[in-house]
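A closer look at the structure
Listed below, chain by chain, are the residues.
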Amino acid sequence: RNRASNLELNLGAGRVAAADFSANGALVAIGLNDGSVEVIDTSSGQVLHRLRVDRGTVDTVSMSHDGKILAVGTRGGVCRILDLESVMPSNDDVAA
């Protein structure tokens, strides 16, 4: 069963520009029109981390198969490769 099948996130009209799930469905990365990315736990809806990438809209996000690396592209021409393990809390911190 898809873990995120009943998850609804209200991030505001026109704010979401891109989204991608981890292979196991545990995380979703959402690119926003303010140049940031939110990484969300799909079972709880908790924002695990908010990353400011650029001033322009995040047009694309792509998570690696293992969910550890996130590629982010913006309308302003910025491409960033992010190591999610270094910017997110550990599983023990998330469960608390």
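A brief structural summary. Keep in mind that this is a model prediction, so the values were computed, not measured. Each chain carries its own residue numbering, running from 1 in the written order of its sequence. Reporting of local features is limited, given that this is a predicted model, to residues whose pLDDT is at least 70; pairs of side-chain atoms are given and counted only at 80 or more, and all residues count toward the totals for whole chains, interfaces and linings. Note that the side-chain values use all heavy atoms of the structure and ignore hydrogens as well as water.

1. Description of the overall build of the protein chain
Along the backbone of the protein chain there are two helices and seven strands. Only heavy atoms enter the contact rule, under which two residues are in contact if any of them lie within 4.5 Å. Once local pairs closer than 6 in sequence are excluded, the contacts in the protein chain between residues at least 24 apart make up 30%. Surface accessibility follows the Shrake-Rupley procedure with a 1.4 Å probe radius. Residue values consider only the protein chains on display as shielding. With the model as given, the accessible surface of the protein chain reaches about 5600 Å², and the carbon-plus-sulfur share is 46%. Strands here are runs of E lasting at least two residues and helices are runs of H or I lasting at least four, both read from the DSSP assignment and numbered beginning at the N terminus.

2. A short note on the environment of Ala17
With respect to the secondary-structure elements, Ala17 resides in strand β1 (residues 16-21). Put simply, Ala17 and Ile30 are 13 residues apart on the chain and 7.6 Å apart in space, counted from C-alpha to C-alpha. With residues up to four places along the chain from it excluded, the contact list for Ala17 reads Gly31, Leu32, Thr57, Val58 and Asp59.

3. Thoughts on the environment of Arg15
Mapped onto the secondary structure, Arg15 falls in the segment before β1. Spatially, the C-alpha atoms of Arg15 and Asn33 are 5.2 Å apart, while their sequence positions differ by 18 residues.

4. Some words on the sheet that holds strand β4 (residues 47-52)
Paired strands are those between which DSSP finds at least two bridges. Read from one edge to the other, the open sheet built from four strands follows the order β1-β2-β3-β4, with strand pairing classed as antiparallel. Among the strands making up the open sheet, the edge pair consists of β1 and β4. On average, each strand axis in the sheet is inclined to that of its neighbour by 15°, with strand direction left out of account. Direction of pairing for strand β3 (residues 36-41) relative to β4: antiparallel, over a ladder of five bridges. Bridging across to β4, Val39 finds its partner in His49. Structural elements are reduced to axes, namely lines fitted to C-alpha atoms, with helices fitted over the stretch in contact, and the angle between N-to-C directions of any two is expressed from 0 to 180 degrees.

5. A closer look at the pairing of strand β6 (residues 69-74)
Relative to β6, strand β5 (residues 58-63) runs antiparallel, the two being bridged by five bridges. For Ser62, the partnering residue across the bridge sits in β6 and is Ala71. Counting the residues between successive antiparallel strands, the hairpin from β5 to β6 contains five residues, one of them, Gly67, with a positive phi of roughly 75°. Relative to strand β7 (residues 79-83), β6 is paired through five bridges, and the arrangement is antiparallel. Of the residues in β7, the one forming a bridge with Ile69 is Asp83. Hairpin connection from β6 to β7: four residues lie between these consecutive antiparallel strands, with Gly77 at a positive phi of about 95°.

Don't take any of this as a statement about function, it's just geometry.
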